[in-house]
Protein chains: 2
Amino acid sequence: MSTDAHILIVDDDRDIRDLLSRFLRKNGYRISAAADGNEMKHILETARIDLIVLDRVMPGSDGLSLCRELRATSRTPVILLTLLGGDTDRIIGLEIGADDYLAKPFNPHELLARIKSVLRRVSDLPLQSSLQKSPVLSFGGWKLDRSRRYLESPVGVLVSLTDGEFDLLLAFAERPQVILSREQLLDLSRGRSAAAFDRSIDMQITRLRRKIEADPEQPEIIKTVRNKGYVFTSEVTGAAE
Amino acid sequence: MSTDAHILIVDDDRDIRDLLSRFLRKNGYRISAAADGNEMKHILETARIDLIVLDRVMPGSDGLSLCRELRATSRTPVILLTLLGGDTDRIIGLEIGADDYLAKPFNPHELLARIKSVLRRVSDLPLQSSLQKSPVLSFGGWKLDRSRRYLESPVGVLVSLTDGEFDLLLAFAERPQVILSREQLLDLSRGRSAAAFDRSIDMQITRLRRKIEADPEQPEIIKTVRNKGYVFTSEVTGAAE
DNA sequence: AGAATTTTGTAACAGCACGTAACATTGCCC
DNA sequence: GGGCAATGTTACGTGCTGTTACAAAATTCT
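Residues numbered from 1 in each chain as written. Chains lettered and ligands numbered in written order. Predicted model: local features only at pLDDT ≥ 70, side-chain atom pairs only at ≥ 80, totals over all residues. Heavy atoms only, no water.

Draft legend 1. Looking closely at the sheet that holds strand β11 (residues 222-225) of chain B. Residues and elements named next belong to chain B. Strand order across the open sheet formed by three strands is β10-β12-β11, with antiparallel pairing between neighbours. Sheet topology places β10 (179-180) and β11 at the edges, where each strand pairs with a single neighbour. Where β11 and strand β12 (residues 229-232) come together, four bridges link them in antiparallel fashion. Within the sheet, the bridge partner assigned to K223 lies in β12 and is V231. Across the face of the sheet, helix α6 (residues 163-173) comes into contact with β10, β11 and β12 while running at roughly 70 degrees to β12. (Pairing = 2+ DSSP bridges. Helix = DSSP H or I, 4+ residues; strand = E, 2+ residues; numbered from the N terminus. Contact = heavy atoms within 4.5 Å. Axes fitted to C-alpha atoms, helices over the stretch in contact; angles between N-to-C directions.)

Below, the structure written as structure tokens:
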């Protein structure tokens, strides 16, 4: 799990450091904190850090420059915290190479979500390697053509999938037997992270099941795993034919 | 890299000119500066400028008119600096044809981000180098003659394209398999940047598809990528025959 | 077991992106 | 100036996606 990752918080404000440290520790992360660029560098030299949460404004060294420096030397992911929520800042942040960006004041849960998302993006999800390059994936008679982006049913009829349905199905078919959370699916199929009460994946699953399951009420291919997400249970081969 | 681009700063305030010059030089750009419209024109005639940072208010010649003039003669991108941050200004700025817009006072880093963004939009577009000089581009039987500006169909009929259609098709054919946003296409084919609710590219695509797609409702050559833009999906060769 | 709570399925609706017809505008030629 | 061709704008239809609300199912609590 991504829990167990080591996060470094860099902020000159002691209260924020403490608050975030406690909050993130409670959520299963190992935490270090630094008050400025020097401390940060010191910690980076002595510990293996998986992600850095960096305040943009700090007396002495500015978060942006630190971030730029970091980017030059390592590829440890960075989430930048900044005061104003202007678009401009976002642009700058991402320009500089931050992996994500959060405007203060923010909800700690939001930070948590971003952290998860960034770590997930970085560490990447298992992908059955034999399926990596084959242009056509087959499962239970179905054929999913990656390059042409269509799905052929067992009896040879082309089933029209919307882009979103196709992307979701592909995310599954590339990772058979792996339980994928809604968050992971959102990330894989839409490239975004979940908002609160986000049910979009549920809906997309429903729609997909209507097209590929013999009985959408008793799904055989994409099964629900309560409290976890969904699994693609068919065996998948990269066979061309 | 876009670093190494040559930027012209036009502002009547010496301090600002110097500040920006130093700052941008430090970030790897070649800089020229002008105090008014005349100096600007002089420099434009003697050097190859990649981007202009233009102050809106200047004694003598107003930045807006200068910008409008510029647009009439060249497609060098312009970032406009203005005092008030009103929406109105933004709209005016972009209508006039500025590529971006920044309200004073601004953070130099912000300007840097905009500059990078504009330059990227304009020049960083991948262009399949082998196609760069060949006078005739071939794809799926079609032949696009760059120098004579005509298109020949697979059966050898000349298809008459308007200038705009030709420019758009060329922008695509030089970058096969690359997803191009409407903004990029506008820039590549018309040399201007998008206004709000700009659908002109959509229309031009529709018109182009009518001329080159077998079935304009099921386009095979120029495909739509939802939320992103369009892609030219045919393979392109620079071969003459 | 039955009640309360959580989680999932899904209908209904809202919003946006895209295609495109029809109209407006622009620039050009006679 | 009037007519024309090219291009841009507006308006509307369509399809896809996400949100909300509620029903159904699974789980936990008593």
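Draft legend 2. Representation of the protein's contact with DNA strand C in the model. In the neighbourhood of DNA strand C, 24 residues make up the surrounding shell, with R210 of chain A together with R199, R210, T224 and Y230 of chain B lying closest. Take the atoms of DNA strand C that sit within 4 Å of the protein: sugar and phosphate atoms are 62% of them. Between DNA strand C and T206 of chain B, the relevant distance is 3.5 Å, taken from a phosphate oxygen to a side-chain nitrogen or oxygen of the residue. At a separation of 2.6 Å, a phosphate oxygen of DNA strand C approaches a polar side-chain atom of Y230 of chain B. For the surface near DNA strand C, the secondary structure elements donating two or more residues are α8 (200-212) and β11 (222-225) of chain A together with α8 (200-212) and β11 of chain B. By residue class, the composition of the surface near DNA strand C is six nonpolar, six polar and 12 charged. (Near = heavy atom within 4 Å. Polar contact = N/O pair within 3.5 Å; in protein donor to acceptor, adjacent residues only side chain to side chain. Nonpolar A, V, L, I, M, F, W, Y, C, P; charged D, E, K, R; others polar.)

Draft legend 3. Structural view of the protein's contact with DNA strand D. Inspection of the region around DNA strand D gives 24 residues, with T162 and R207 of chain A together with T162, G164 and R207 of chain B positioned closest. The share of sugar and phosphate among atoms of DNA strand D within 4 Å of the protein is 58%. Side-chain polar atom of T162 of chain B to a phosphate oxygen of DNA strand D: 2.2 Å apart, as the coordinates give it. Those elements that provide at least two residues to the surface near DNA strand D are α6 (163-173) and α8 of chain A together with α6 and α8 of chain B. Taken together, the residues of the surface near DNA strand D sort by class into two nonpolar, eight polar and 14 charged.

Draft legend 4. Here's a closer look at the pattern of salt bridges. Under the criterion given, the structure shown has 19 salt bridges over all chains. For D202 of chain A, the salt bridge goes to R182 of chain A, with nearest N and O atoms at 2.9 Å. Taken together, the positions of D202 of chain A in helix α8 and R182 of chain A in helix α7 (residues 182-190) put the pair 20 residues apart, joining distant regions of the chain. For R182 of chain A, a relative accessible area of 29% corresponds to the partly exposed category. For the salt bridge of D202 of chain B with R199 of chain B, the shortest nitrogen-to-oxygen distance reads 3.4 Å. Residue classification places D202 of chain B among the buried residues on the basis of a relative accessible area of 12%. Salt bridges here are not isolated pairs; linked through shared partners, they connect R146, E174 and R175 of chain A. (Salt bridge = Lys/Arg side-chain N within 4 Å of Asp/Glu carboxyl O. Buried < 20%, exposed > 50% of the residue type's maximum accessible area, 1.4 Å probe, protein only.)

Draft legend 5. Up close: the packing of α7 of chain A against α8 of chain A. All names here are of chain A. Where α7 meets α8, the axes come as close as 9 Å, and the angle between the chain directions of the two elements is 75 degrees. Here α7 is positioned roughly perpendicular relative to α8, judged by the angle of their axes. Together, R182, L185, L186, S189 and R190 of α7 and S200, I201, D202 and Q204 of α8 make up the contact between the two elements. By residue class, the composition of the contact of α7 with α8 is three nonpolar, three polar and three charged. (Parallel < 35°, antiparallel > 145°, perpendicular 65-115°, else oblique.)

Draft legend 6. Here's a closer look at the packing of aromatic side chains. On inspection of all chains with the given rule, the structure shows four aromatic pairs over all chains. Here F139 of chain B and F232 of chain B contribute two aromatic rings whose centre-to-centre distance is 5.0 Å and whose plane-to-plane angle is 80 degrees, an arrangement assigned as edge-to-face. Taken together, the residues F139 of chain B in strand β6 (residues 136-139) and F232 of chain B in strand β12 connect sequence positions 93 residues apart. For the residue pair F139 of chain B and F232 of chain B, the accessibility class agrees, reading buried in each case. Aromatic pair F172 of chain B and F232 of chain B: ring centres 6.4 Å apart, planes at 25 degrees, arrangement stacked. Residue F172 of chain B is found in helix α6, and its partner F232 of chain B is found in strand β12; the two are separated by 60 residues along the sequence. Looking at F232 of chain B, the relative accessible area reads 0%, which means it is buried. Members of the aromatic cluster, joined through ring pairs, are F139, F172 and F232 of chain A. (Phe/Tyr/Trp six-rings, centres within 6.5 Å; stacked < 30°, edge-to-face > 60°.)

Draft legend 7. Structural context of the confidence of the model for chain A. All names here are of chain A. In this model, chain A carries an average pLDDT of 82, and 81% of its residues clear a pLDDT of 70 or more. Per-element confidence in chain A ranges from a low mean pLDDT of 48 for helix α4 (residues 87-96) to a high of 97 for α8. Low pLDDT (under 50) marks residues 85-95, which in the prediction has 25 contacts with non-local residues, meaning those over four places away or in another chain. (pLDDT = per-residue confidence, 0-100.)

Draft legend 8. Highlighting the sheet that holds strand β13 (residues 236-237) of chain B. All names here are of chain B. Spatially, β9-β8-β7-β6-β13 is the arrangement adopted by the five strands of the open sheet, whose pairing is antiparallel. With partners counted over all chains shown, the strands left at the sheet margins are β9 (158-159) and β13, one partner each. On top of the sheet, α6 reaches β6, β7 (142-145), β8 (150-152) and β13; it is set at about 110 degrees to β7, its chief contact.

Draft legend 9. Layout of the nonpolar core. The biggest cluster of nonpolar side chains holds 27 residues, and the ones touching the most others in it are F139, L144, L151, L169, F172, I222 and F232 of chain B. Broken down by secondary-structure element, the contributors of at least two residues to this core are β6, β7, α6, α7 (182-190), α8 and β12 of chain B. Top element by residues in this core is α6 of chain B. It accounts for seven residues. Setting aside its immediate chain neighbours within four residues, L169 of chain B contacts F139, L144, L151, L161, L208, I212 and F232 of chain B. Of all hydrophobic cores here, the second largest spans 25 residues; its members include F139, L170, I221 and I222 of chain A. (Core = buried A, V, L, I, M, F, W, Y, C linked by side-chain atoms within 4.5 Å.)

Draft legend 10. Expanded view of α8 of chain B. Residue and element names in this part refer to chain B. The terminal C-alpha atoms of α8 lie 18 Å apart, and with 13 residues this matches the ideal 18 Å at 1.5 Å per residue to within 8%. Among all positions in α8, only I201, D202, Q204, I205, L208, R209 and I212 are buried. The buried residues of α8 occupy an angular sector of 160 degrees when projected down its axis, which confines them to one face. (Expected span 1.5 Å × (residues − 1). Arc of directions from axis to C-beta.)

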